[in-house]
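Observations on chain architecture
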Amino acid sequence: MKTLRLILPLAILSAFAAAVLAQNAPKKKAPPQLKWKVQQLRKDNNEGIAVGDINGDGKPDVVAGEYWYANPEWKPQKVRRLEPFGKDYLQNNSDHLWDVDGDGDLDVVAGGYTTTTVNWYENPGPGGYDAEDGWAQHLLIDTGTDRNELSFFQDIDGDDVPEWLENSWGDENPMLAWTLAKDGEGKPTLEKHVIGPDKNGHGMGFGDINGDGRDDIIFKQGWYECPEGGPFAGEWKYHDDFTFPHASCPMLVVDLDEDGHNDIIWADGHSYGIYWEKQQEPQSDGSTTWRTYEIDRRHAQAHALAWDDIDNDGQPELITGKRYYAHSGSDPGAEDPCTVQYYDWDKATKTWTKHFISNGPSGEAPGIGLQIRVADLDGDGWKDIAVPGKSGTHIIWNQGWNQ
């Protein structure tokens, strides 16, 4: 008993001393985080978006589906009317801005999911921006192909003029590139070039896969190799080197570990999982091999990806989120919270760190649609994020480090 009387006070004193030391010890400062502010432009279910100076005042504006929004008031003004289809879709899978008619202002170029036409909407200039019936609609081309997952306006020949490419969820659809041209009457049109006659598939990205200095095209079923004579020298060689089911639009081609071989970042747009594929040493027959690494196995429906520097550290970050009700609520994770987030890549440890930009109730907080646009919309030196989607059209304002 005497021993216990001695031990008990010593134990109490020891615990008291430890508590005092812990209380007086310098507290570790939490690492700084980027501060964000969400602004909803409109509650709608449009999933395409683009950013550019529509009214010529030097400030970037936003177009998203039926409306465009002038910086800085962001009041909706009519561009066009979109037809609804299915349970919760509008007939618009992407928005792009380009001066189609060469008159000095940006027009809207867009296509649809189940339609075969590519239209452009003529910028009316001052006095006509908010016409009741929207802007004048013109047909660029009837492609003859539908089941369009997303449309890209991508410069694949390096002439600073984009080409129109349609990614299809139909695996047997052709892979086509369409160049801007003039018809016999001098009106804008598109001219067809065949990349591959009968292989397409959910997901698409652009970049140099084999290190020959020319950008190739990756998609669900593998990749197309750009011809030695350039993108329009003939059909591209198809390589059946990988399969990415329901791959994101876009997939990203980036040399993450800086070993001289470009790697691939992709996500399952209709289930869980974000991944990166490390390219191994090329095979003697010219085929490529890949090793898969997880970025985030618990995130669902990251249908769109962006790669841009949003924390001003000189290195790009992976930006994505949850596409709300990508298949009208039938996909795994459909009722998970709506999120927008970014991932920091650490080349030394080959690891990713996740940071939430926005996180809230399913269908209420911003998610993503089919496109993510990153731009400094308010000119404060920090890039903001504009996202469409079935939870509405939003700008997420980047307010810099929260010290």
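**Points about unusual backbone geometry**
Of the consecutive residues Asn-71 and Pro-72, the connecting peptide bond is found in the cis state with omega at 10 degrees. Relative to the helices and strands, Pro-72 is located in the loop between strand E4 (67-69) and strand E5 (76-78). Geometrically, the link from Cys-249 to Pro-250 is a cis peptide bond, its omega value of 5 degrees lying close to zero. Note that Pro-250 resides in the loop between strand E19 (237-239) and strand E20 (252-254).

**Comments concerning the sheet that holds E4**
As a general point, the strands of a sheet are linked pairwise by backbone hydrogen bonds and lie either parallel or antiparallel. The antiparallel open sheet is built from 4 strands, whose spatial order is E2-E3-E4-E5. The sheet is open, and its two edges are formed by strand E2 (50-52) and E5, each paired on a single side. Across the sheet, the mean angle from the axis of one strand to that of its neighbour is 30 degrees, orientation sign disregarded. Across 3 bridges, E2 lies against strand E3 (residues 61-64) in antiparallel orientation. Bridge pairing in E3 links Ala-50 to Val-63.

**What to know about the packing of aromatic side chains**
The final tally for this structure, using the stated rule, is 21 aromatic pairs. Judged by centre distance (6.5 Å) and plane angle (80 degrees), the rings of Trp-98 and Phe-153 are edge-to-face. Of this pair, Trp-98 sits in strand E8 (residues 94-98) while Phe-153 sits in strand E12 (residues 148-154), and the two are 55 residues apart along the sequence. A relative accessible area of 26% places Trp-98 in the partly exposed class. Residue classification places Phe-153 among the buried residues on the basis of a relative accessible area of 16%. With centroids separated by 4.4 Å and ring planes inclined at 25 degrees, the aromatic side chains of Tyr-324 and Tyr-325 adopt a geometry described as stacked. Just as Tyr-324 is buried, Tyr-325 falls in that class too. By the ring-pair criterion, three or more aromatic residues cluster together here, those being Phe-242, Phe-244, Trp-266, Tyr-275 and Trp-290. One residue, Lys-390, lies across the ring of Tyr-89, its end atom 3.6 Å from the ring centre.

**Focus: the pairing of strand E17 (residues 216-219)**
Along E17, one buried face is formed by Asp-216 and Ile-218 and the opposite face, lined by Ile-217 and Phe-219, is buried too. Of the pairings in the sheet, the one linking strand E16 (residues 204-207) to E17 comprises 4 bridges and is antiparallel in character. Of the residues in E17, the one forming a bridge with Gly-207 is Asp-216.

**Some words on the environment of Trp-164**
Tracing the chain through its elements places Trp-164 in strand E13 (residues 163-168). Judged by its relative accessible area of 0%, Trp-164 is buried. Placed 117 residues apart in sequence, Trp-164 and Glu-47 show a C-alpha to C-alpha distance of 18 Å. Polar side-chain contacts of Trp-164 include one of 3.2 Å to the side chain of Glu-166.

**Remarks on the sheet that holds strand E1 (residues 33-42)**
Strand order in this open sheet of 4 strands is E1-E30-E29-E28, and the pairing throughout is antiparallel. Of all strands in the sheet, those with a lone pairing partner are E1 and strand E28 (373-375), marking the two edges. Adjacent strand axes in the sheet meet at a mean angle of 20 degrees, parallel and antiparallel pairs treated alike. Bridge count between strand E29 (residues 384-387) and strand E30 (residues 393-402): 3 bridges; the pairing is antiparallel.

Rules of the game
- The numbers attached to residues start from 1 for each chain and follow its sequence in the written order.
- Only residues with pLDDT of at least 70 get local features here, since the model is predicted, and only at 80 or more are side-chain atom pairs given and counted; chain-wide, interface and lining totals rely on the full set of residues.
- Hydrogens and water are ignored here; the side-chain numbers use all heavy atoms of the structure.
- We count a stretch as a helix when DSSP gives it H or I for four or more residues in a row; a strand needs E for two or more, and each element gets its number in order from the N terminus.
- In this description, strands pair whenever DSSP reports at least two bridges between them.
- Angular values range over 0 to 180 degrees, each being the angle between N-to-C directions of two axes fitted as lines to C-alpha atoms, with helices fitted over their stretch in contact.
- For Phe, Tyr and Trp, where Trp contributes only its six-membered ring, two rings pair if their centres lie within 6.5 Å, and the inter-plane angle classes them as stacked under 30 degrees, edge-to-face over 60, or tilted in between.
- We call a residue buried when its accessible area falls under 20% of the maximum for its residue type, exposed when it is over 50%, and partly exposed in between, using a 1.4 Å probe and counting protein chains only.
- Charge over a ring is defined by NZ of Lys or CZ of Arg lying within 6 Å of the ring centre and within 35 degrees of the ring normal.
- Two N or O atoms count as a polar contact when they lie within 3.5 Å, although within protein this holds only if one can serve as hydrogen donor and the other as acceptor, and sequence-adjacent residues are included solely when both atoms are side-chain atoms.

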